[in-house]
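# Per-entry structural report
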Amino acid sequence: MYYCLNEEYLLRGWEKLQTGIVRKGTGQTFFLQPSFYSKIRTMRGLMFEGSPFLTPEEHEYMSQLVKEGIVYLSETAVPYTPEQEYRLYPNRYLRMIHWAITGHCNCRCRHCYMSAPTGKIPEYSTEKCMEIIDQMEAAGVQMVSLTGGEALVRRDFIKLITRLTEAGIKINTIMSNGLLVNEELLDALDELGQKPEFNMSFDGIGRHDWLRGVDGVEEAVIRAFKLCRDRGFPTGAEYCLHRGNMDVFRESVKLLGELGCRSLKVNTLKAEGEGTGIVEYTIPLKEEYQFYMDYLPQYFEDGEPVDLMLSGMFMKTQKGEYIIPAAKLPEDKDCSDYCLCGHARNVMHITADGYIVPCIPIGSVENGRNHFPNIHDTTIGEALHDSSYMEFINTRLSTYFEHNPECAVCEYRNRCAGGCRGTAASSGDLLGKDERDCELFLGGWFDKVLAFLEDRVGVKAGEKDS
């Protein structure tokens, strides 16, 4: 019997991570030990069961790969297909790209940071989009989420998702206001074998239309949630909390759960872009944190209707874990040599005007995105190899502590680990302090959430690794 690689799996490598196995069209990638991987590469469907070429430990691992369906046993040798053969990408590994494919929108949102209602940012041509997809393929990108503006307003949207599918890239998420989510779109995705989550904005029962600036959007997004639920497409939601929708928050969360929405991310109104015109609706930080503390008992009383993220203060994950996202590392662990932003090591954002940035929050403010390269001047592969983008990705917390010596001696230095760079970016200083996390930890809110969770679920909240 011969060990053969399942045709769904491909051998791939990246700079510094050269031992990957990718499952086609899923975005799933895992890495093996170099010595064992070299034998996988050379076996080419010709290695037989019990081969002396493998150590006893490697035989055990090969048996595990068989159990998982990655490798199978065949009476005849099955050589690798050309697609399965090893390919090395000349850049670092990147799990996913958040790609804003347009700056245009069919709503007139009062808080839009990119002023999409006025079409301030020109839309990429179809040809430029196809070039960007080619760059993703050449860099070995496995997953993409599509956003805007409103991603679905592009007339060539089906062409783009077709090309992404041809490139073997999984569409993980489509971020939308729901107005253009219809049977025809879901049919097209089904035909392509893509089943993305539709992440749709919902800003409160009876309040949604006001923030979105168009009548009937609340009714349309509820229809879209129901349609996705009935067609088997997963959904998530985002809630922009402001003074005008705090009073309907609890009932809105329960409604989303009834609509089949599996997760909700809550952030507050920011005075960016169009949001500068409604600053009276912003919520002071201490008041925001108190609102979350007041809501948490209600969330559990309501049976945890959705997986929930309340800014950096609380998160219930799909795995059933309770996490304080802002808490990165244990207090007794020195984090000086850790990367400043662990999230950014796996995910990139390409803004609607072409900036290659670490995350959506950094890309949402001019003072953040202007530190980084633009897709019109470089390629994704080049940005992932040698660029100001990679300089940021490789920045260590020791550099942050040198820039902020008061943080280096703070009792929460390891828990906070510099806070969120996206929050700090609005100041223009990518090494600046995250005032939200300062208040969370030094203001006592972290300890309050910990005490609440220990009392409610009987265990301490986990920490997110940096």
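Here's a quick rundown of the structure. None of these values were measured; they are calculated from a predicted model.

On to the nonpolar core, then. Soluble globular proteins: nonpolar side chains tend toward being buried together. Among the nonpolar cores identified, the biggest contains 106 residues, and Trp 99, Met 136, Leu 146, Phe 198, Phe 249, Leu 264 and Ile 380 are the most heavily contacted of them. In terms of residue count, helix 9 (residues 285-301) provides more of this core than any other element does, eight residues in total. Excluding residues within four positions of it along the chain, Trp 99 makes contact with Tyr 124, Cys 129, Ile 132, Ile 133, Met 136, Val 144, Ser 145, Leu 146, Thr 147 and Ile 350. Residues Tyr 3, Leu 32, Phe 36 and Tyr 37 belong to the second largest nonpolar core, which totals 17 residues.

The next subject is the sheet that holds strand 4 (residues 29-31). Here four strands make up an open sheet; going across it, the order is 4-3-2-7 and the pairing mixed. If you trace the sheet from one side to the other, it starts and ends with strand 4 and strand 7 (87-92), each paired once. Each strand axis lies, on average, 35° off the axis of its neighbour in the sheet, ignoring direction. Two strands pair when backbone bridges link them, and strand 3 (residues 17-23) and strand 4 are joined in this way by three bridges, in the antiparallel orientation. Paired with Ile 21 across the bridge in strand 4 is Phe 30. Sheet strands in contact with helix 3 (residues 126-139) are strand 2 (9-15) and strand 7, and its direction is about 110° off that of strand 7.

Summed over the entire model, instances satisfying the criterion amount to 26 salt bridges. For Glu 83, the salt bridge identified is with Lys 24, shortest N-O distance 3.3 Å. Of the two residues, Glu 83 sits in the loop between strand 6 (71-74) and strand 7 while Lys 24 sits in the loop between strand 3 and strand 4, which places them 59 residues apart along the sequence. On the basis of relative accessibility, which here comes to 39%, the residue Glu 83 falls in the partly exposed class. The partly exposed category is assigned to Lys 24, whose relative accessible area is 38%. Ionic pairing is found between Glu 137 and Arg 163, a salt bridge with its closest N-O pair at 2.8 Å. Of this pair, Glu 137 sits in helix 3 while Arg 163 sits in helix 4 (residues 157-166), and the two are 26 residues apart along the sequence. Accessibility expressed as a relative area gives 29% for Glu 137, which makes it partly exposed. Given a relative accessible area of 16%, Arg 163 falls into the buried group. Residues joined by salt bridges that share partners form a network here, namely Glu 183, Asp 187, Asp 190, Lys 195 and Arg 231.

Position of Asn 6 relative to the elements: it lies in the loop between strand 1 (2-5) and strand 2. With 78 residues separating them along the chain, Asn 6 and Gln 84 place their C-alpha atoms 9.3 Å apart. When neighbours within four sequence positions are excluded, Asn 6 is seen to be in contact with Gly 69, Ile 70, Val 71, Tyr 72 and Gln 84.

This structure, assessed with the given rule, holds 26 aromatic pairs. Note on Phe 31 and Tyr 93: the rings are 5.3 Å apart at their centroids and 85° apart in plane angle, and the pair reads as edge-to-face. Of this pair, Phe 31 sits in strand 4 while Tyr 93 sits in the loop between strand 7 and strand 8 (96-100), and the two are 62 residues apart along the sequence. Using a relative accessible area of 30% as the deciding quantity, one classes Phe 31 as partly exposed.

In this fold, Asn 91 is placed in strand 7. By relative accessible area, which is 1% here, Asn 91 ends up buried. In this structure the side chain of Asn 91 is engaged in a polar contact, spanning 3.1 Å, whose partner is the backbone oxygen of Ala 139. Contact partners of Asn 91, with chain neighbours within four places excluded, come to Trp 14, Glu 15, Ala 138, Ala 139, Gly 381 and Leu 384.

Here we come to the sheet that holds strand 1. Strand order in the open sheet made by the three strands is 5-1-6, with antiparallel pairing throughout. One side of each edge strand has no neighbouring strand; the edge strands of this open sheet are strand 5 (47-48) and strand 6. Bridge analysis of strand 1 against strand 5 gives two bridges, and the strand direction is antiparallel. Along strand 5, the bridge assignment pairs Tyr 3 with Met 47.

Right, let's get into the packing of helix 3 against helix 4. At a closest axis distance of 10 Å, the pairing of helix 3 and helix 4 adopts a crossing angle of 20°. It follows that helix 3 is roughly parallel to helix 4 by the angle criterion. The way helix 3 lies across helix 4 gives a crossing that is right-handed. Taken together, the residues of helix 4 that come into contact with helix 3 (itself represented by Cys 129, Met 130, Ile 133, Asp 134, Met 136 and Glu 137) are Lys 159, Leu 160, Arg 163 and Leu 164. Looking at the contact of helix 3 with helix 4 residue by residue, the class counts come to six nonpolar, no polar and four charged.

With that out of the way, let us pick up unusual backbone geometry. Note that the residue after Gly 148, namely Gly 149, is joined by a cis bond; omega there is 20°. With respect to the element layout, Gly 149 can be found in the loop between strand 9 (143-147) and helix 4. Positive phi values are uncommon outside glycine, yet Ser 311 reaches one of about 50°. Among the structural elements, Ser 311 can be located in the loop between strand 14 (307-310) and strand 15 (314-316). Taking the relative accessible area as the measure of exposure, Ser 311 reaches 8% and is therefore buried.

Our next topic: the pairing of strand 12 (residues 235-241). Of all seven residues in strand 12, six are buried; the element is thus mostly enclosed. Strand direction decides the pairing type here: strand 11 (residues 197-201) and strand 12, joined by four bridges, are parallel. Bridge pairing in strand 12 places Phe 198 opposite Thr 235.

Attention now goes to the pairing of strand 10 (residues 170-176). The buried fraction of strand 10 amounts to five of the seven residues, a majority that puts the element mostly inside the structure. As paired elements, strand 9 and strand 10 share four bridges and run parallel to each other. Considered in strand 10, the bridge of Met 143 is made with Lys 170. Handedness of the crossover is the feature at issue here: the chain leaves strand 9, passes through helix 4, returns alongside strand 10, and the resulting connection is right-handed. Of the crossover connections in this fold, the one passing from strand 10 over helix 5 (residues 183-192) to the parallel strand 11 is right-handed.

Reading the values: the criteria
Residues numbered from 1 in each chain as written. Predicted model: local features only at pLDDT ≥ 70, side-chain atom pairs only at ≥ 80, totals over all residues. Heavy atoms only, no water. Core = buried A, V, L, I, M, F, W, Y, C linked by side-chain atoms within 4.5 Å. Buried < 20%, exposed > 50% of the residue type's maximum accessible area, 1.4 Å probe, protein only. Helix = DSSP H or I, 4+ residues; strand = E, 2+ residues; numbered from the N terminus. Contact = heavy atoms within 4.5 Å. Pairing = 2+ DSSP bridges. Axes fitted to C-alpha atoms, helices over the stretch in contact; angles between N-to-C directions. Salt bridge = Lys/Arg side-chain N within 4 Å of Asp/Glu carboxyl O. Phe/Tyr/Trp six-rings, centres within 6.5 Å; stacked < 30°, edge-to-face > 60°. Polar contact = N/O pair within 3.5 Å; in protein donor to acceptor, adjacent residues only side chain to side chain. Parallel < 35°, antiparallel > 145°, perpendicular 65-115°, else oblique. Left-handed = near helix turned anticlockwise from the far one by under 90°. Nonpolar A, V, L, I, M, F, W, Y, C, P; charged D, E, K, R; others polar. Right-handed = clockwise from strand over helix to strand, strands pointing away.

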